[in-house]
Amino acid sequence: MKYRILIALAAFMLVFWSCDEPIAYENSTFVYNPFSFRQDTLSSVDSIQYGKAEVQWGDHLRAWVGETKYYKSGLSVDFSFIDTSLDFLKTDSIQFQLRHLRTFPENGSDTLLTDYMSFNFYETTDQTVDIGTSSYGLLLGTDSMNVKGGNNYWNYTLPAGVILDGDTAISLGIFTDQLGFLSELYGGGSSIRPILSFYSHEPDSAGADSVTTKSFLADSLYMHLMEQVNAFDGSYGYIKQLADDSLTFSIDLGAIVPGGDTLLHIISASFLPAIDSLSSSLYIPSISDSLYKFKMTATDPISEYSVDIELGENSNYNSNQINIIVQAALDDDRTSIDLILRPGNIGYDPGFIAVSMDALKSAIYLSTSMAVRP
């Protein structure tokens, strides 16, 4: 009987000891005793607000010409050519040169069906360009350009008499009335922005033809861009690569904030805005038929942490982790965050995503661990 009492007492002491001192778990900031891991879908987006800022297109690397059911765009550029060595009387031709990157079809999943498209060239000096009414200035002529050529140069020879002896500046524009595409050109922020070149032909000392060229880079470039009326559904908030859009998600973290001495560590936090793939349009980054990716950034304006969000093919995320933002908010004893979603590479393609403005449809998927402070 005595042995049975001792065995029972020893078993009780073993259980008491194991509950009193579990194995410690360490990370870089503290030592704690883990007792719970959780996975939650936090559907606590209180509101979504849409905002939009102007893109400074004049200093931008990209410029756009074309017209689709979503956009209408074109550009005008100013040149000054004060040069005492420039002899207008000997000038045989003047060329307006643009560097073309690629041309996109109207929808990102479509294929560009033609090799050449027509573009209209205008003199826009002292003219008010109104792209909404197709008022661009004095039409100089139309030319067909190789839109399937990828990264290539387009040259348009100005008619005689457009620039006369004594002129020191001109403004030129390029627009189109052909539908269904957008062409991407190098813009004002590029070192290979539009060029105006003056060519002179005269015989050299041997009597052979000799060509002299004087070229001038554009002094300034103006993008004329408008969204087509009723092209974008008002029930969605849009993140568009041809605009500086933003969607601010006000998120309540109160449901996951522990009390007392409990500490919370965010293992992962997947941001899941309610994107409607049928109302979105992801554009290809190169000349192919496959969808690729759409880049965004998510920013917490208080901590100033910013993370990349990347939407890939078939609306699957390549990356959408915001755990660093959520953890920083909890460490600051905040119970809510404002998460600002913006396009990640403004101006680089005409793609866009449509996010439902119904806040209850967006969420964060969380994996967390909780621990009692030792």
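The structure displayed is predicted, hence computed values, not measured ones.

Comments concerning the pairing of strand β6 (residues 91–105)
For β6, a buried count of twelve out of 15 residues is recorded, marking the element as mostly surrounded by other parts of the structure. Relative to strand β9 (residues 152–157), β6 is paired through six bridges, and the arrangement is antiparallel. Note on β9: the bridge partner recorded for Gln 95 is Thr 157. Where β6 and strand β11 (residues 181–186) come together, five bridges link them in antiparallel fashion.

With respect to the environment of Lys 72
When you line up the elements, Lys 72 lands in strand β5 (residues 71–80). Polar side-chain contacts of Lys 72 include one of 2.7 Å to the side chain of Ser 134.

Looking at unusual backbone geometry
Positive phi values are uncommon outside glycine, yet Ser 134 reaches one of about 60°. Among the structural elements, Ser 134 can be located in the loop between β7 (116–123) and β8 (138–146). Of the residues examined, Ser 134 reaches a relative accessible area of 40% and is grouped as partly exposed. The backbone of Glu 304 sits at a positive phi, close to 65°, despite the residue not being glycine. Along the chain, Glu 304 turns up in the loop between β19 (294–299) and β20 (306–311).

A look at the packing of aromatic side chains
Overall, the coordinates contain 23 aromatic pairs when judged by the stated rule. With centroids separated by 5.9 Å and ring planes inclined at 75°, the aromatic side chains of Phe 104 and Tyr 283 adopt a geometry described as edge-to-face. Within this pair, whereas Phe 104 is found in strand β6, its partner Tyr 283 is found in the loop between β18 (275–281) and β19, the two being separated by 179 residues in sequence. Each member of the pair Phe 104 and Tyr 283 is classed as buried. Linked through ring pairs, Tyr 70, Tyr 71, Phe 232, Tyr 236, Tyr 238 and Phe 352 together constitute an aromatic cluster. Between the NZ or CZ atom of Lys 240 and the centre of the ring of Phe 232, over which it lies, the distance is 5.0 Å.

Regarding the pattern of salt bridges
Note on pairing: side chains with opposite charge can pair once their charged atoms come close. Counting across every chain of the model gives nine salt bridges. With a shortest N-O distance of 3.2 Å, Glu 227 and Lys 240 are connected by a salt bridge. Pair noted here: Glu 227 is in strand β14 (residues 220–227) and Lys 240 is in strand β15 (residues 236–240), with a separation of 13 residues, a long-range link. Lys 240 gets classed as buried once you look at its relative accessible area, which sits at 3%. A salt bridge links Asp 332 to Arg 334; the nearest nitrogen and oxygen atoms lie 3.9 Å apart. Under the relative-accessibility criterion, Asp 332 is labelled partly exposed at 47%. Judged by relative accessible area, Arg 334 falls into the buried class, the value being 13%. Here the salt bridges do not stand alone but share partners, grouping Lys 52, Glu 227, Lys 240 and Asp 245 into one network.

Cut-off values and rules
- Residues numbered from 1 in each chain as written.
- Predicted model: local features only at pLDDT ≥ 70, side-chain atom pairs only at ≥ 80, totals over all residues.
- Heavy atoms only, no water.
- Buried < 20%, exposed > 50% of the residue type's maximum accessible area, 1.4 Å probe, protein only.
- Helix = DSSP H or I, 4+ residues; strand = E, 2+ residues; numbered from the N terminus.
- Pairing = 2+ DSSP bridges.
- Polar contact = N/O pair within 3.5 Å; in protein donor to acceptor, adjacent residues only side chain to side chain.
- Phe/Tyr/Trp six-rings, centres within 6.5 Å; stacked < 30°, edge-to-face > 60°.
- Lys NZ or Arg CZ within 6 Å of the ring centre and 35° of its normal.
- Salt bridge = Lys/Arg side-chain N within 4 Å of Asp/Glu carboxyl O.

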